[in-house]
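A closer look at the structure
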Amino acid sequence: MTVNIRAIEATDTAELLDFLALYRTMMTARVMNDLLKIRKTQGKFPFYIGCAGHESIAAVVAALTPDDWMSLYYRDLGAWLQRTGNIIEPLREAYSRTTGSMGAGRNMPSHYSSRRQRILPTVSEVGGLAPFAGGVAYALKREKRDEIIMFTVGDGGVATNDFNALFRMSAVHQLPILMVVEDNGWAITAASSIQWAGSLVEWARGGGVYAEEVDGTDAVATYQASVRLVEHVRSGKGPVLMHLHLGLLDAHSSSTDIKSYRKKEEIEATAATKDPVKNFGLWLVEHGYLQEGDSERIRKEVRAELEHAETQVLQEPEPTAERVMQHIVNVPTWVENTPRGAQRLLPMLGAINEALVELAKRDENFFVYGQDVGSPKGGVFGATAQLVTQFPGRAISSPLNEQIIVGVVAGTGMVDGKARCAEIQFIDYHQSAAQTIRLAARVSYQNFGDWTVPIIMRTKSGSGGGGPISSGGAGGGAFGHSNSGEQWFTTVPGMITICPSTPFDAKGLLLEAARAQSPVVFLERGRLYRSEPPKDSQGRIIEAMAEYWNVPDGYYTLPIGKARRVRIGDSENKASKLAVICWGTMVLESCTAAANIVNRSGGTIEIVDLRTLAPFDEDAITAAVREANRVIVVTEESDLTSFGRHVHSWITQNCFYDLDCTPAFVSALPAPAAPYNTQEETAFFPTARTIEKRIEELLAE
Ligand SMILES: Cc1ncc(C[n+]2csc(CCOP(=O)(O)OP(=O)(O)O)c2C)c(N)n1
């Protein structure tokens, strides 16, 4: 693709600006910075990271409208003040008061956030917000809104994967975003010359993004450039990168000694020439807006205002330990929703296709975003094939970058609080998006519920091949295509993890996942996409499971966090002699094992299909163990620290007195993944035969 970049014509827009108001905002940022720096030194709170030298970011914000979105970083007190005019919130965060609207005292100072004011929740991970900001821009463009988003990052942040993902998504989709690189020459002790080679502006232009160098030590020049660049973005001409040159007047943070890494002469020269507040003050005097002495008067007025606000903040409450578990995860309250549609025999892939179509019918802004999903084939597994035909434009093919995929869906969901669907082709490849996924899960906790990041992340996981491992033979998925994946997500607080084993559950749970405000990872076992119900060793379908291959037409939901308890055996009335706790493909393997045993020796074995892994159904497990007194946990994961091991340990800790013998555990082997060749692959995974053998041993104890 050839991208033509037209130079933007300069216009004199300075007269549109209320210079004195901007100066006062910048002065407020500086005075607050100096006040909080001192308070930290006085031991009033543990940490402070300041804005001195970056106050001219307020001039960029002055070129935005209040409806525009902002993704800030910790040097952007000036941006916060310019947007909100609110001096008390940054003080509340410094003193971590529950009254604080950014995080109610949960996050460090200088982590700006406000859903109401459209300021995305700053994270400590440098560049970490970038994919989310891109997602917001994606939504603004897709929904043809007039708003744009400003994203800021330091020169160090430019080197992060997150920023590079944002840059690519902005360029490829020509998003309405102004990316501001606040280059103060330092990333803690590292000079900016090690963050990129050559010219940042040339690099950006070569990548399809219009870019300009701007002198951030001159607030008027910054404002004039911002007006032009914002206009460029808003008028649909595509994204812009502003390389804003600044000086860092203080040390990196309260934890850094400036003299330990910067030369005295450089510090002095920076203070003399690169102080935007001082420079702007001189300009205002020179142009007759202020008189000598006015700057000092304004500084004193601001200081008095801040000290007054500080007195108020100090009377406000601090968090107490009781609230430490609040706002971790948002599981939707299930509303009874009996399926009414005609039942058809359908494989899981058909059920997933139907669920996505149902979501598209119900929400005109719903879409699926992922590699190949927009092709007529509907992604490599065909999960979006029906969406592609029935709702053109709602299954959208992405670049080959998982962080972009998650970012687009996460940011879009933050704009209106509704989940869209990211498709990750194979679970192994989510890894480049891992930070974005974890941040999405953390945001609600960090900001005390102010922001939520609803996402559905569907992904093919587990052993390659078709049908249960016992009947389907080798999958050949090998490395990169056969990880089961639960260990990556069930360890993340704030994340919901679902792994259905039947077509009926897959459709109902996927539809319910769209109601969640927390990110949901939906593990689709590739072996189950086209699988029939499980069979015993004589090839007879196991009746207790067969009904879940009948999928109702239309919309229905199933509760998140509830297991399904299935009894395999001769009598509903007799207590089960053993409980198997499992999910996904292992449900089918366990049913086969259980059926073979009860066929031979009678009795009942209960299969507890967890369906949701996090949060898992503790009540169902407790009840099943209490009834059977013998339990086995079966997982497709490697025998390392894993979700299966966690459940096993949970049972030991919580159900000990209901157990007649040690809970058993069956898993894959502790190797990196299933090797490609059949012999080794089969040895790696647990199958109905391994499970059957272990159950027999347990029953004999
Ligand atoms: C991903 C990540 N790596 C490392 C850190 C530790 N860290 C905090 S700030 C910082 C430097 C950031 O420099 P830059 O982006 O230039 O911003 P500046 O502080 O200079 O404004 C580093 C390395 C972090 N917070 N996040």
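Within each chain, residue numbers correspond to sequence positions counted from 1 in written order. Per-residue local features of the predicted model are confined to residues with pLDDT of at least 70, and side-chain atom pairs are confined, for both listing and counting, to 80 or more; whole-chain, interface and lining totals are unaffected and use all residues. Calculated side-chain values reflect all of the structure's heavy atoms, with hydrogen atoms and water omitted.

A few words now on the pairing of strand β14 (residues 520-525). Partly exposed describes any residue whose relative accessible area lies between the buried limit of under 20% and the exposed limit of over 50%, with all areas from a 1.4 Å probe on protein chains only and scaled to the type maximum. Starting at the N terminus, helices and strands are each numbered in turn, a helix being any DSSP run of H or I of at least four residues and a strand any DSSP run of E of at least two. Burial runs high along β14: six of the six residues are buried. Of the two faces of β14, both are covered, the one formed by Val520, Phe522 and Glu524 as well as the one formed by Val521, Leu523 and Arg525. Here, any two strands with at least 2 DSSP bridges between them count as paired. Pairing between strand β12 (residues 455-461) and β14: six bridges, direction parallel. Looking at β14, one finds that Met457 is bridged to Val521.

What follows is about helix α14 (residues 402-416). When the terminal C-alpha atoms of α14 are compared, their 22 Å separation across 15 residues agrees well with the 21 Å that a helix rising 1.5 Å per residue should span. Counting buried positions along α14 gives 14 out of 15 residues, so the element sits mostly inside the fold. Polar contact criterion, stated in full: a pair of N or O atoms within 3.5 Å, where within protein one must be able to donate a hydrogen and the other to accept it, and residues adjacent in sequence count only if both atoms are side-chain atoms. For α14, the N-terminal capping position is held by Asn401, with its side-chain oxygen 2.9 Å away from the main-chain nitrogen of Gln403. At the C-terminal side of α14, Gly417 shows a positive phi close to 75°. Under the convention used throughout, the expected extent of a helix is 1.5 Å for every residue step, that is, one less than its residue count.

This brings us to the sheet that holds strand β20 (residues 631-638). Note on sheets: strands pair through backbone hydrogen bonds, and any given pair is parallel or antiparallel. Strand order in the open sheet made by the five strands is β16-β18-β17-β20-β21, with mixed pairing throughout. Either end of the sheet is taken by a strand with one partner, and the two such strands are β16 (564-569) and β21 (664-668). The sheet shows a mean angle of 20° between the axes of neighbouring strands, taken without regard to direction. With six bridges joining them, β16 and strand β18 (residues 604-609) adopt antiparallel strand pairing. The partner of Ile568 across the bridge, within β18, is Ile605. Any two residues whose heavy atoms approach within 4.5 Å at even a single point are treated as in contact. Each axis is a line fitted through C-alpha atoms, and for a helix only the stretch in contact is used; angles between axes span 0 to 180 degrees, taken between their N-to-C directions. On top of the sheet, helix α21 (residues 618-628) reaches β16, β17 (578-582), β18 and β20; it is set at about 25° to β16, its chief contact. Along the sheet, helix α22 (residues 643-654) makes contact with β17, β20 and β21, crossing β20 at roughly 160°.

This paragraph deals with the site of the ligand. Near is defined per residue: the residue qualifies when any heavy atom it owns lies within 4 Å of the molecule or strand. Near the ligand there are 15 residues, and of these Tyr73, Tyr74, Arg75, Gly156 and Trp186 occur at the shortest range. With respect to the ligand, the side chain of Tyr74 contributes an N or O atom lying 2.7 Å from an oxygen atom. Backbone polar atom of Val126 to a nitrogen atom of the ligand: 3.0 Å apart, as the coordinates give it. Split by residue class, the shell around the ligand holds six nonpolar, six polar and three charged. Residue classes follow a fixed rule: Ala, Val, Leu, Ile, Met, Phe, Trp, Tyr, Cys and Pro count as nonpolar, while Asp, Glu, Lys and Arg count as charged, and any other residue, Gly among them, counts as polar.

Moving on: the sheet that holds strand β10 (residues 395-397). In spatial order, the strands read β10-β9-β11-β12-β14-β13-β19; together these seven strands make up an open sheet with mixed pairing. Each of the sheet's edge strands pairs with one partner strand only, and the pair in question is β10 and β19 (612-614). Put simply, the sheet's adjacent strands are angled 25° from each other on average, direction ignored. Relative to the sheet, α14 contacts β9 (368-370), β11 (420-426) and β12, its axis offset from that of β11 by approximately 165°.

Our focus in this paragraph is the pattern of salt bridges. The salt bridge definition used is simple: a Lys or Arg side-chain nitrogen within 4 Å of an Asp or Glu carboxyl oxygen. Counting across every chain of the model gives 48 salt bridges. Residue Arg145 pairs with Glu147 through a salt bridge whose shortest N-O separation is 3.0 Å. Where Glu296 meets Lys300, a salt bridge forms, and the shortest distance between an N and an O atom there is 4.0 Å. On the criterion of helical spacing, the pair formed by Glu296 and Lys300 is a turn pair, its members being four residues apart in helix α11 (residues 294-314). If you follow the salt bridges from partner to partner, you end up with Arg118, Glu143, Arg145, Glu147, Asp416 and Arg420 in one network.

In this structure, Thr436 sits in helix α15 (residues 434-446). Residue Thr436 is classed as buried on the basis of its relative accessible area, which comes to 0%. In this structure, the C-alpha to C-alpha distance between Thr436 and Asn447, residues 11 residues apart in sequence, is 16 Å. Each residue touching Thr436, except ones within four places of it in the same chain, is listed here: Pro131, Phe132, Asp162, Gln403, Val406 and Gly407.

For the bond running from Ala614 to Pro615, omega is 0°, close enough to zero to count as cis. Backbone geometry places His327, a non-glycine residue, at a positive phi of 65°. In this structure His327 comes out as partly exposed when scored by relative accessible area, which is 31%.

What follows is about the state of the cysteines. Note on terminology: a disulfide is the covalent bond linking the sulfur atoms of two cysteines. Here, a disulfide means two cysteine sulfur atoms that sit within 2.5 Å of each other. Overall, the coordinates contain zero disulfides when judged by the stated rule. Of all cysteine sulfurs in the structure, the one in Cys582 sits closest to Cys499, which takes part in no disulfide; the separation is 10 Å. The buried category is assigned to Cys499, whose relative accessible area is 0%. When its relative accessible area of 0% is taken as the criterion, Cys582 is described as buried.

Worth remembering: the numbers are spatial, not functional.
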